[in-house]
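So the chains spell out like this:
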Amino acid sequence: MSVKTVSVESATTARAARQPNESVGDFVSRKAKAYFALTKPRVVELLLVTTLPTMIFAERGFPSITLVLATLFGGAMAAGASGAFNCYIDRDMDKVMKRTKGRPLVTGEVTPREALVFAYLLGIASLVVLWVGTNPLTTALGLAAILFYVVLYTLILKRRTAQNIVWGGIAGCMPVLIAWAAVTNKIEWPAIILFLIIFLWTPPHYWPLSMKYADDYNAAHVPMLGAISTARKVSVQVVLYAWATVVCSLLLAPMGYAGIVYTVLAGVSGAWFIYECHVLYREAQRDHEPADMNKKAMKVFHISITYLTLVFIALAIDPFVGGPLFG
């Protein structure tokens, strides 16, 4: 180990320790915030948005509160553990990216050892909660979600291929399978359709974001498509995936699972999402300043979140309003 590495680790340890004149309460609060940040709470929040509606749709009503809480808490902890592992593995990369320079392992609020122990404990706790509160299938899916994100995405794909977010995004699709299995103790076609919706949605959601942070990803040598390709090529992929996402979302109706509320809201919000992706494509064909193109890309990024939220809100409402359109 080099002298530089030793000095960096020593500085990190010093920052993570209790500071002189810092009260115990302030120290505990600071550390708690740092550990919470390791879990990537915004990602966890988005995953939970898909979990509860899927449980309601699978139950065709509201599941028992104990089952809901066990699934939500277990799923949130599994996602948080994945985020913490990711922060630990990517701490070298996070140091050179402006978007991630405030993460606890970069600032020194948490040491690498603390982060790794926290990730393992949170991951184990998530599986215990799912095992006790749901069923073995749900627990196995929770473990698979952690492994997909940590091993497949973070360790294998992220630094090696521009298709990293496509296949690594499987981890983000797992909450709907977890939710469905928690209610039914099996995987059925509606769950697979919901899985595919999120799988197809992930590229047009994330690639516009990577366009804005292209300099960050290039500095960290991460081959995100939005960073290594032109806006024109990226926008084509965004449009294609957006169309595939919306078409897939509408399959629930002709397959005899969804009713009028879901079909209408998924169709209208999907048309909006596709339209905005086409706007991005149209603007990418022109010569724009990078800052202008980034604004348009971020608009698609934010709209993609709204779109997915509306689809799953519709999914939660649908069982309470009429029956399936076909079937």
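Remember, it's a predicted structure, so these values are computed and weren't measured experimentally. All residue numbers here refer to positions counted from 1 along the written sequence of the relevant chain. Thresholds applied to this predicted model are a pLDDT of at least 70 for local features of residues and 80 or more for the giving and counting of side-chain atom pairs; totals over whole chains, interfaces and linings are not thresholded and use all residues. Each side-chain value is worked out from all heavy atoms of the structure, with water and hydrogens disregarded.

Caption draft 1: Fine view of the side chain of Thr 39. Secondary structure follows DSSP: runs of H or I at least 4 residues long count as helices, runs of E at least 2 residues long count as strands, and numbering of each begins at the N terminus. With respect to the helices and strands, the residue Thr 39 is situated in the loop between helix H2 (24-38) and helix H3 (41-59). Polar contacts, as used here, are pairs of N or O atoms within 3.5 Å; protein pairs need one atom able to donate a hydrogen and one able to accept it. Residues neighboring in sequence count only if both atoms are side-chain atoms. A polar atom in the side chain of Thr 39 sits 2.5 Å from the backbone oxygen of Phe 36. Look past the residues within four positions of Thr 39 in its chain and what remains in contact with it is Val 44, Ala 79, Gly 80, Gly 83, Phe 118 and Leu 122. Residues count as neighbours in contact if any of their non-hydrogen atoms are within 4.5 Å of one another.

Caption draft 2: Up close: the packing of aromatic side chains. Any pair of Phe, Tyr and Trp rings, taking the six-membered ring for Trp, is counted once the centres come within 6.5 Å. Such a pair is stacked with planes under 30 degrees apart, edge-to-face with planes over 60 apart, and tilted for the rest. Under the definition given, this model contains 7 aromatic pairs. A ring pair is formed by Trp 167 and Phe 199, whose centres lie 5.5 Å apart and whose planes are at 50°; its orientation type is tilted. A residue pair is termed long-range when its members are at least 10 positions apart, and Trp 167 in helix H9 (residues 164-168) and Phe 199 in helix H11 (residues 189-212) qualify at 32 residues. Judged by centre distance (5.6 Å) and plane angle (80°), the rings of Trp 207 and Tyr 241 are edge-to-face. Pair noted here: Trp 207 is in helix H11 and Tyr 241 is in helix H14 (residues 231-249), with a separation of 34 residues, a long-range link. Three labels apply to residues, based on accessible area from a 1.4 Å probe with only protein chains included: buried if under 20% of the type maximum, exposed if over 50%, partly exposed otherwise in between. Exposure remark for Trp 207: the relative accessible area of 1% places this residue in the buried category. We classify Tyr 241 as buried; its relative accessible area is 18%. Over a ring means this: the NZ of a Lys or the CZ of an Arg is within 6 Å of the ring centre and within 35 degrees of the ring normal. If you follow Arg 60 out to its NZ or CZ, it ends over the ring of Phe 57, 4.9 Å from the centre. In this structure, Arg 91 packs its charged tip against the face of Tyr 88, placed 4.4 Å from the ring centre.

Caption draft 3: Highlighting the confidence of the model for the protein chain. Each residue carries a pLDDT value, the predictor's own confidence for that position, ranging from 0 to 100. Per-residue pLDDT for the protein chain has a mean of 90; in total, 93% of the residues score no lower than 70. For the protein chain, helix H1 (residues 3-16) is the element with the lowest average pLDDT, namely 50, and helix H7 (residues 112-133) is the one with the highest, namely 97. Contacts for the low-pLDDT stretch residues 1-8, under 50 throughout, to residues beyond four places or in other chains number 2 contacts.

Caption draft 4: Up close: the nonpolar core. We call a set of buried Ala, Val, Leu, Ile, Met, Phe, Trp, Tyr and Cys residues a nonpolar core when their side-chain atoms join them within 4.5 Å. Ranked by size, the top nonpolar core spans 75 residues in total, and within it Met 174, Trp 207, Tyr 262, Phe 273 and Phe 312 carry the most contacts. If one sorts the elements of this core by residue count, H11 sits on top with 13 residues. Once residues lying within four places of it in the same chain are set aside, the contact partners of Met 174 are Leu 141, Ala 144, Ala 145, Phe 148 and Phe 195. Membership of the second largest hydrophobic core comes to 12 residues, among which are Ala 84, Phe 85, Leu 105 and Val 150.

Caption draft 5: Quick peek at the packing of H7 against helix H8 (residues 136-157). A fitted line through C-alpha atoms serves as each axis, taken over the contacting stretch for helices, and the angle formed by two N-to-C directions is quoted from 0 to 180°. Interhelical geometry of H7 versus H8 gives an angle of 160° and a closest axis separation of 8 Å. Considered as vectors, H7 and H8 are oriented roughly antiparallel to each other. Here H7 runs over H8; the crossing is right-handed. On H8, the residues touching Gly 123, Ser 126, Leu 127, Leu 130 and Trp 131 of H7 are Pro 136, Thr 138, Thr 139, Gly 142, Leu 143 and Ile 146. Each residue gets one of three labels, nonpolar for Ala, Val, Leu, Ile, Met, Phe, Trp, Tyr, Cys and Pro, charged for Asp, Glu, Lys and Arg, and polar for the others, Gly among them. Here the residues of the contact of H7 with H8 are counted per class, giving 6 nonpolar, 5 polar and no charged. By the definition adopted for this analysis, an angle is roughly parallel if under 35 degrees, roughly antiparallel if over 145, roughly perpendicular if from 65 to 115, and oblique otherwise. Note: crossing handedness is left-handed where the near helix turns anticlockwise from the far helix by less than a right angle, and right-handed where it turns clockwise.

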